[in-house]
Protein chains: 2
Amino acid sequence: MDDLGGNIVKRLRMVIALAAIPLFLAGCGDLGSSSMSSGSKGSTSGTQLTGQSTDSDYEGVIQSGHYRVSKSRGVTNTQDSGNTYNLKSFENGMLNVSKKVFSTKNYVFQEGQYLSSTTVQDWLDRKSKTNATGLNPVDNGSKSATKRNPIYIQALEEQDYMTQKNNKLSLAGVTVGIAVNSVDYYKKEQYGATYQTKISKADGEAYAKKTANTVLKRMRQKSALKNVPIVIAIYRQASNDSLVGGNFLAYSNNKAGTTSVSKWTALAQKNYVFPLESGQSSPNSNDASSFSNFKSQVENFFPNLSGVTAQAQYDGKTLQGMHINITTQFYSQTEIISFTQYLQTAAQKYLPSGVPIDITVSSTDGIQSFLSRKASEKTFSSHVFNSY
Amino acid sequence: MDDLGGNIVKRLRMVIALAAIPLFLAGCGDLGSSSMSSGSKGSTSGTQLTGQSTDSDYEGVIQSGHYRVSKSRGVTNTQDSGNTYNLKSFENGMLNVSKKVFSTKNYVFQEGQYLSSTTVQDWLDRKSKTNATGLNPVDNGSKSATKRNPIYIQALEEQDYMTQKNNKLSLAGVTVGIAVNSVDYYKKEQYGATYQTKISKADGEAYAKKTANTVLKRMRQKSALKNVPIVIAIYRQASNDSLVGGNFLAYSNNKAGTTSVSKWTALAQKNYVFPLESGQSSPNSNDASSFSNFKSQVENFFPNLSGVTAQAQYDGKTLQGMHINITTQFYSQTEIISFTQYLQTAAQKYLPSGVPIDITVSSTDGIQSFLSRKASEKTFSSHVFNSY
């Protein structure tokens, strides 16, 4: 397995860059249908869509048989996050914020095509004599955790939203995510120990909002982005030791042509890990105790079970969903089948209803089985991974 | 992660052992319902069932809140297989053979309770002066691959099938799987190189059938097993370099009281790995080319994609199903979402219909998404693994 490569590429993805690359759309797919080009392999020259799994997902753009990847794909930032949860959380959260403005019914998702590597690399660096566009503060020379200027802006990502008219896709909106650190990890000397500068929620949010104005202004200078709505969403990264990603603090929907943010909408999204650490409390104690009941019921099933944990997301005091992870030692296939059936019953009995929940059962050999229930469903569906 | 422990436990599971341990069934669950005991935690004293995911799965037995594990759980064999596919394939195959005799509607599955560690450990060893019950041939002293007596019987597993009467579960049938080697891996000296003795299909099957008679006779000596049907299924292990497990060659359904096998029913099950190696052919070339079309369509989607392979199972010339594995480098969450949507469309378009198919997308970070379609369904359902 290309473990090293995978990790490097993963880290590389915390950044986005900017470039005004024109879109060539030669014959577009029909948004209504999910049909793919039926041309012979390799000769597919038009634009197609990926097809839509559910009404709540965007379709994506395929160009000449290839997925149209982000213009910043694989760009690196010397400063990376160290918490892989942030990455999925940031991208998914951007999709969810976008859905408030660009409906999945009328818009098609496209990986960012306007922010290219070099420019955003510069944006994410510190401002300096050689880097006038840096969005992070100048280095004030201090190595003291409380006196130095921290790196506030950790990541910046673009998502494009397209509509179809006369069989052509055209840009109809952009979402930009700005991720600010809650902790800035730094070294006093190369290969030295890692130190931390903590950034309060208020400080980080204020810095990001100021930055958002700069970003909006710069994006409006590109002709393709002058007259489309630009949504800016502010994300606060979780610290490296967190078992769940960070969360979005606020977003703004900036109408075509506007060059400064006039209004922010606050988001009350917050993530928790169950079981809660002692002394910690969640917005709704019923959910935490539901999970505890489920956990102790499930832990009794086998002579040994390594762990049952959950990521829970709240909007204010309302649970939005849960990702439950169960890690086991090796079990036989028949044990996994029985355990999964048992989970199906126990999950329905103990876990909160009305929210999407999925449960993953993994061993050292990887995933063994998987259960999920949508918000609207009563029972969990399940799948046991199998082999011939 | 407890990698070492996991692997050891995994290897340990290739064996089963025998002991006549009486079943204590104090108040049984209702086969019709999947309800669990609603007693307070820890005080659940009766027997419950796991609940049934689908009509085609057996329910399992829970005793006082704990799963009733096999009496041979964790028993070791010094000779293990080295091919983890065999393990899942063997246990799943035993379930499938059992379903031909014991319907999932009327029978409940229980891990083997009659074969205990020490006895079957002896059975799987070679026959010798100190081990009269060994089912494998005596050591003839030769170290030559063609002259030595190989280890034929690699694994032996028991599954129990229960019915309910007057609110009690009672044993109504047993399935025993006997796994014979296609290759016996051996060492001429401790820590030395590994050599191979190949065992032809005909030789292995003949040896296993002879062994089946011995096993049946021995099982009938236990009073609990005297008057239940005993199904014996013969499995041929895949070699260690195979990317798919072995397959079942034949089974016999031995009526209550019988002490020798009167009739074997041949099974024409065979597993293949797609893409086929050059020179190899599958029972139905349409399936192989369907897979090729799917593979090349999918491989074009991203700038780089590590591999698309499939396990395919046939019964004679008829495809029974496919497990498709797609391994990727790291992709962003939005890329995984788009790729999964694309797969949903491409799979439906290119892959054979009318058989169960699942598709797993994994990166070095583990599973990323998953699609499946049952034999009776037209479209694939999908799930993208997520994190808050």
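It should be emphasised that the depicted structure is a prediction, and the values quoted were computed from it without experimental measurement. (Residues numbered from 1 in each chain as written. Chains lettered and ligands numbered in written order. Predicted model: local features only at pLDDT ≥ 70, side-chain atom pairs only at ≥ 80, totals over all residues. Heavy atoms only, no water.)

**Let's talk about the packing of helix 5 (residues 285-299) of chain A against helix 6 (residues 333-350) of chain A**
Residue and element names in this part refer to chain A.
So, point 1. It is at 10 Å that the axes of helix 5 and helix 6 come closest, and there the two elements cross at 155°. With respect to each other, helix 5 and helix 6 are oriented roughly antiparallel. Helix-helix and strand crossings are classified by hand; for helix 5 and helix 6 the assignment is right-handed. Here Ser290, Asn293, Phe294, Gln297 and Val298 of helix 5 lie close against helix 6, whose contacting residues are Phe339, Tyr342, Leu343, Ala346, Ala347 and Tyr350.
So, point 2. Partitioned by chemical class, the residues of the contact of helix 5 with helix 6 number eight nonpolar, three polar and no charged. (Axes fitted to C-alpha atoms, helices over the stretch in contact; angles between N-to-C directions. Helix = DSSP H or I, 4+ residues; strand = E, 2+ residues; numbered from the N terminus. Parallel < 35°, antiparallel > 145°, perpendicular 65-115°, else oblique. Left-handed = near helix turned anticlockwise from the far one by under 90°. Contact = heavy atoms within 4.5 Å. Nonpolar A, V, L, I, M, F, W, Y, C, P; charged D, E, K, R; others polar.)

**Overview of the relation of the copies chain B and chain A**
So, point 1. Structural alignment of chain B on chain A gives an RMSD of 0.0 Å, achieved by rotating through 180° and translating 0.0 Å along the axis. The transformation relating the two chain copies, once decomposed into turn and shift, fits a two-fold axis.
So, point 2. When the interface residues of chain B are mapped onto chain A, 100% of them are again interface residues, pointing to one common binding face. (Least-squares fit on C-alpha atoms with pLDDT ≥ 70 in both.)

**What to know about the confidence of the model for chain A**
Residues and elements named next belong to chain A.
So, point 1. Looking at chain A as a whole, its pLDDT mean stands at 85, while 86% of the residues score no less than 70.
So, point 2. Confidence, expressed as mean pLDDT per element, reaches its minimum in chain A at helix 1 (residues 3-12) with 35 and its maximum at strand 11 (residues 265-266) with 98.
So, point 3. Contacts of residues 1-44 to residues separated by more than four positions or lying in other chains number 129 contacts, the stretch itself having pLDDT below 50. (pLDDT = per-residue confidence, 0-100.)

**So, the packing of aromatic side chains**
So, point 1. Going through the model one piece at a time under the given rule, you end up with 37 aromatic pairs over all chains.
So, point 2. Among the aromatic side chains, those forming a connected cluster through ring pairs are Tyr58(A), Phe102(A), Tyr107(A), Phe109(A) and Tyr161(A).
So, point 3. Looking at Lys188(B), its charged tip hangs above the ring of Tyr195(B), at a distance of 4.1 Å from the centre. (Phe/Tyr/Trp six-rings, centres within 6.5 Å; stacked < 30°, edge-to-face > 60°. Lys NZ or Arg CZ within 6 Å of the ring centre and 35° of its normal.)

**Some remarks on the pairing of strand 14 (residues 318-327) of chain A**
Residues and elements named next belong to chain A.
So, point 1. Looking at chain direction, strand 13 (residues 307-315) and strand 14 are connected through nine bridges and run antiparallel. In the strand pairing of strand 14, Ala310 is matched with Ile324.
So, point 2. Adjacent in sequence and paired antiparallel, strand 13 and strand 14 are bridged by two residues, among which Gly316 carries a positive phi angle near 65°.
So, point 3. Looking at chain direction, strand 14 and strand 15 (residues 357-363) are connected through six bridges and run parallel. Pairing of Ile326 across the sheet is with Val361, part of strand 15. (Pairing = 2+ DSSP bridges.)

**Points about the interface of chain B and chain A**
So, point 1. Taken residue by residue, the interface counts 82 residues in chain B and 82 residues in chain A.
So, point 2. For the chain B and chain A pair, buried surface summed over both sides reaches about 7,200 Å², with 55% attributable to carbon and sulfur atoms.
So, point 3. Linking chain B to chain A there are zero salt bridges.
So, point 4. The interface formed by chain B and chain A contains 36 residue pairs in polar contact (both at pLDDT 80 or more).
So, point 5. The greatest single-element share of the side of chain B that touches chain A, amounting to eleven residues, is contributed by helix 6 (residues 333-350) of chain B.
So, point 6. A breakdown of the residues in the side of chain B that touches chain A according to their chemical character gives 25 nonpolar, 42 polar and 15 charged. (Buried area = accessible area lost by both parts, 1.4 Å probe. Salt bridge = Lys/Arg side-chain N within 4 Å of Asp/Glu carboxyl O. Polar contact = N/O pair within 3.5 Å; in protein donor to acceptor, adjacent residues only side chain to side chain.)

**Regarding the nonpolar core**
Buried together is how nonpolar side chains tend to be arranged in soluble globular proteins.
So, point 1. With 55 residues, the main nonpolar core has Phe294(B), Ile324(B), Ile326(B) and Ile359(B) as its most contacted residues.
So, point 2. Looking at this core element by element, the count peaks at eight residues for helix 6 of chain B.
So, point 3. Those residues in contact with Ile324(B) that sit more than four places away from it in its chain are Phe291(B), Phe294(B), Val308(B), Thr309(B), Ala310(B), Leu351(B), Ile357(B), Asp358(B), Ile359(B) and Thr360(B).
So, point 4. One finds Val308(A), Ala310(A), Tyr331(A) and Ile357(A) within the second-largest nonpolar core, a separate group that totals 54 residues. (Core = buried A, V, L, I, M, F, W, Y, C linked by side-chain atoms within 4.5 Å. Buried < 20%, exposed > 50% of the residue type's maximum accessible area, 1.4 Å probe, protein only.)

**Structural notes on the environment of Ser182(A)**
Residue and element names in this part refer to chain A.
So, point 1. By the secondary structure assignment, Ser182 is in the loop between strand 6 (168-180) and strand 7 (183-187).
So, point 2. Residue class for Ser182 comes out buried when judged on its relative accessible area of 11%.
So, point 3. Along the backbone, Ser182 and Ser239 are 57 residues apart, and their C-alpha atoms lie at a distance of 6.4 Å.
So, point 4. Each residue touching Ser182, except ones within four places of it in the same chain, is listed here: Thr197, Lys198, Ile199, Arg236, Gln237, Ala238 and Ser239.
So, point 5. Looking at Ser182, its side chain comes within polar contact range of the main-chain oxygen of Gln237, at 2.7 Å.

**Re the sheet that holds strand 14 (residues 318-327) of chain B**
Residues and elements named next belong to chain B.
So, point 1. The mixed open sheet is built from six strands, whose spatial order is 12-13-14-15-16-17. Two strands bound the open sheet, and with one partner strand each, they are strand 12 (269-274) and strand 17 (381-384). Averaged over neighbouring strand pairs, the angle between their axes works out to 15° when direction is ignored.
So, point 2. In the packing of helix 5 (residues 285-299) onto the sheet, contacts are made with strand 12, strand 13 (307-315), strand 14 and strand 15 (357-363), and the angle to strand 13 comes to roughly 160°.

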